[in-house]
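Each chain, written out:
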Amino acid sequence: MSLARASSSLAYPERFHAAASYAGFGGSPNSSGNPISKFSNESALLLYGLYQQATTGPCNAPKPRSWSPVEQNKWTSWHGLGNMASTEAMRLFVKILEEEDPAWYSRVPEFVIEPVVDVEMNNPKPEPHMANGNHYPETKTISSENGSQMETQDKDVVLEGLGSVGVYDQWVSPSISGQRPKARYEHGAAIVEDKMYIFGGNHNGRYLNDLQVLDLRSLAWSKVEIKLVTESLDSPSPVPLVPCAGHSLIPWENKLLSIAGHTKDPSESVSVKTFDLQTSTWSTLKTYGKAPVSRGGQSVTLVGTSLVMFGGEDAKRALLNDLHILDLETMTWDDIDAVGVPPSPRSDHAAAVHAERYLLIFGGGSHAACFNDLHVLDLQTMEWSRPTQQGEIPSPRAGHAGVTVGENWFIAGGGDNKSGVSETVVLNMATLVWSVVTTVQGRVPLASEGLSLVVSSYNGEDILVSFGGYNGRYSNEVNVLKPSHHSTLQSNMIDRPVPDSVAALHNVASATRDVESEFELGQEGKIREIVMDNDSDPMNMKSEKTGEGIVVSLKAEKEELEAALAREQLQSLQLKQDLVEYDIRNSDLTKELQSVRSQLASEQSRCFKLEVDVAELRQKLQTMETLQKELELLQRQKAASEQAALNAKQKSSGGVWGWLAGSPPNQKEDDA
């Protein structure tokens, strides 16, 4: 327990970097040997994939074509993590390391726990200014008064891009270079390989169709030059790209997908446009099935290889609450008729997916009101529900933006037709408990409608990036926020009971076990504090019997906890034994399956030979039938010939001489 408490006292990401250094990752010169070699191949590959996910992000590298099985397995381990958040990868890395080597932390020197920061070697920097052991460049922080900005004291720019964010849970306006895009709102935003792409939007009532990109490493704006705009993949003839707003921009396989949106001359159905980042070309994808009616202000959520579209407002300003799914592999639309009570018709709401199964819809607005209700759609049963929200429930809003980090759903901006919303809130999707991250005051872009919010990562930490918005004036500012670790956002959650309406969400949450373990450690810390206070403070020693009673009760509680721990360890041991038995059974079944497959292959070969023999016999049978017909024809010809010869003989044997002799032909035949 002491080792567990010591390692858990180290905050993230330092705790992760200490574990990575001990395991031999990161090229730390202080790590002795290669400790990861003592782990099993399965654990080593999983640690490798989690380290790459935490430090680099999702795997975008192509599958190696070499014949080395090690490289193939390493790529598979990393690629299999999908879009797992870097912070979640850090936690899993440390958890697996502690399961493999519980005493790892006691073997790590104190000087190796500092994270390794990648440095650009081609661009040397001057000696940085040091502040509390960290390097901070010049940044601007959103003030809490009148929305003004105050500059930080550090002026020496050392770290670039998102590395300039040195504070947690606070919006920061970093220094941006390059020509800023035109101010706008209701635009689309997406992250691809440390670059934020901005497409379209609304500026002074006019729709836009430009594509801008912000390099999050250097924080420099640039405009993407479009090489060719094609109507469809089958028809490469150039056509003008229609300006739009209120659309959805989704990254997919090194492409950007722009779905739906308001246009000046809307079409009857929703169109899907794609921008190829390699060729810098726009195209209109051909879809199948019944496409939804054209709209804007809808939500489009990527779930696996499908896009889930909900709600919006059509070209006639009619609000919608229909549900459609587009399969990106077949490009086929499917109109979903879900059971249960769906959300009321709305637009400009926010949507997110949890555990690749639950679609969450929050807020939005109609023509007369804004909402703060939460609806959940089970994508397996296609059933709507409206669970009970807990915590600091946000006020009604529309035009807000949301992004997920692990099981936390961050929501910023929005308004209620009167003023912009100043709070940035977060929802734990496993417990459905709301909490406020930070609050801005004044007329700032973060209290705007129609802003965009995306998530990127730097040095293993997730960072939120917002752009644009409208709160009486259009904005083109960029603000960033580095959220603290999950546990800090859940400090107000663990004492509240989880309602029955969210039991399903709670069961599928992978991080719940970590929260419970931290809660147990916290409870043990409270017990130790009570014991120390009773021993050191004479004011609490009013009665020796009272003190003895407290000690007895604490000992009893400790014994209960130890008994519970022993039961859990016994159950864990039993599960491990069951797993071994299942592995043995699986091995036997695999051998039996291979034997059956071998027998099946031999039977298939035998069947093939029989089919060949049958084909040959059928061919011979056809030949025999032909010969039989020819034989019958010859027999008929022979019979006809014999009859003709007999008739001729009869005619020639009689004649005049026979008649004169008085012997008719029949009589002669009888005599013969």
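Since we're looking at a predicted model, the values are computed, not measured. (Residues numbered from 1 in each chain as written. Predicted model: local features only at pLDDT ≥ 70, side-chain atom pairs only at ≥ 80, totals over all residues. Heavy atoms only, no water.)

## Quick notes on the packing of aromatic side chains
Considering all chains together, one arrives at 11 aromatic pairs under this definition. Ring pairing ties together the aromatic residues Phe16, Tyr51 and Phe93, which thus form one cluster. Note that Lys74 overlies the ring of Tyr48, its terminal NZ or CZ placed 4.7 Å from the centroid. Directly above the aromatic system of Tyr168 lies the positively charged group of Lys482, at a separation of 4.6 Å from the ring centroid. (Phe/Tyr/Trp six-rings, centres within 6.5 Å; stacked < 30°, edge-to-face > 60°. Lys NZ or Arg CZ within 6 Å of the ring centre and 35° of its normal.)

## So, the packing of helix H3 (residues 41-55) against helix H4 (residues 69-79)
Direction vectors running N to C along H3 and H4 enclose 55°, while the axes themselves pass 8 Å from each other. The orientation of H3 relative to H4 falls into the category oblique. Both H3 and H4 take part in a crossing whose hand is right-handed. Between H3 and H4, the contacting residues are Leu45, Leu46, Tyr48, Gly49, Gln52 and Gln53 on the first element and Asn73, Lys74, Ser77 and Trp78 on the second. For the contact of H3 with H4, a count of residues per class yields four nonpolar, five polar and one charged. (Axes fitted to C-alpha atoms, helices over the stretch in contact; angles between N-to-C directions. Helix = DSSP H or I, 4+ residues; strand = E, 2+ residues; numbered from the N terminus. Parallel < 35°, antiparallel > 145°, perpendicular 65-115°, else oblique. Left-handed = near helix turned anticlockwise from the far one by under 90°. Contact = heavy atoms within 4.5 Å. Nonpolar A, V, L, I, M, F, W, Y, C, P; charged D, E, K, R; others polar.)

## A look at the sheet that holds strand S6 (residues 188-191)
If you walk across this open sheet you meet the four strands as S6-S7-S8-S9, and the pairing is antiparallel. A single partner strand is all that each edge strand has here, and the edge strands are S6 and strand S9 (220-223). Averaged over neighbouring strand pairs, the angle between their axes works out to 25° when direction is ignored. Pairing analysis gives four bridges linking S6 to strand S7 (residues 195-203), with the strands arranged antiparallel. (Pairing = 2+ DSSP bridges.)

## Some remarks on the sheet that holds strand S24 (residues 390-391)
Spatially, S24-S28-S27-S26-S25 is the arrangement adopted by the five strands of the open sheet, whose pairing is mixed. Two strands lie at the open edges of the sheet, namely S24 and strand S25 (401-405), each paired on one side alone. Direction of pairing for strand S26 (residues 408-412) relative to strand S27 (residues 423-428): antiparallel, over a ladder of four bridges. Counterpart to Asn408 in the pairing with S27 is Asn428.

## Observations regarding the packing of H3 against helix H5 (residues 86-100)
Where H3 meets H5, the axes come as close as 8 Å, and the angle between the chain directions of the two elements is 155°. Classified by the interaxial angle, the pair formed by H3 and H5 is roughly antiparallel. Once H3 is placed against H5, the crossing between them reads as left-handed. Between H3, through Ser43, Leu46, Leu47, Leu50, Tyr51, Gln53 and Ala54, and H5, the contact on the second element is made entirely by Ser86, Ala89, Met90, Leu92, Phe93, Ile96, Leu97 and Glu100. A per-class count over the contact of H3 with H5 returns 11 nonpolar, three polar and one charged.

## Considerations on the pairing of S26
Extensive coverage of S26 is indicated by the burial of five of its five residues. Burial along S26 is two-sided: the face carrying Asn408, Phe410 and Ala412 and the face carrying Trp409 and Ile411 are both buried. Here five bridges tie S25 to S26, and the two strands are oriented antiparallel to one another. Within the sheet, the bridge partner assigned to Thr404 lies in S26 and is Trp409. Connecting S25 to the next strand, S26, in antiparallel fashion are two residues, including Gly406 with a positive phi near 65°. (Buried < 20%, exposed > 50% of the residue type's maximum accessible area, 1.4 Å probe, protein only.)

## Some points on the confidence of the model for the protein chain
Counting all residues, the mean pLDDT for the protein chain is 78, and 73% of those residues have values of 70 or more. Below pLDDT 50 for its whole length, residues 143-159 participates in 46 contacts with residues either more than four positions away or in separate chains. Segment residues 486-502: pLDDT under 50, and 38 contacts once partners within four positions in sequence are set aside and those in other chains are kept. (pLDDT = per-residue confidence, 0-100.)

## What about helix H2 (residues 14-23)?
Residues spaced three or four apart along an α-helix face the same direction, because each turn holds 3.6 residues. A large share of H2 lies buried, amounting to nine of its 10 residues. Among the residues of H2, those classed as buried are Arg15, Phe16, His17, Ala18, Ala19, Ala20, Ser21, Tyr22 and Ala23. Just past H2, the residue Gly24 takes up positive phi, approximately 100°.

## Quick look at the environment of Gln53
Note on placement: Gln53 falls in helix H3. Sequence separation between Gln53 and Gly460 is 407 residues, and the spatial gap between their C-alpha atoms is 8.4 Å. For Gln53, the residues in contact, after removing those within four places along its chain, are Pro58, Cys59, Trp78, Leu81, Gly82, Asn83, Met84, Ser86 and Ala89. For Gln53, the side chain forms a polar contact with the main-chain oxygen of Met84, separated by 2.9 Å. (Polar contact = N/O pair within 3.5 Å; in protein donor to acceptor, adjacent residues only side chain to side chain.)

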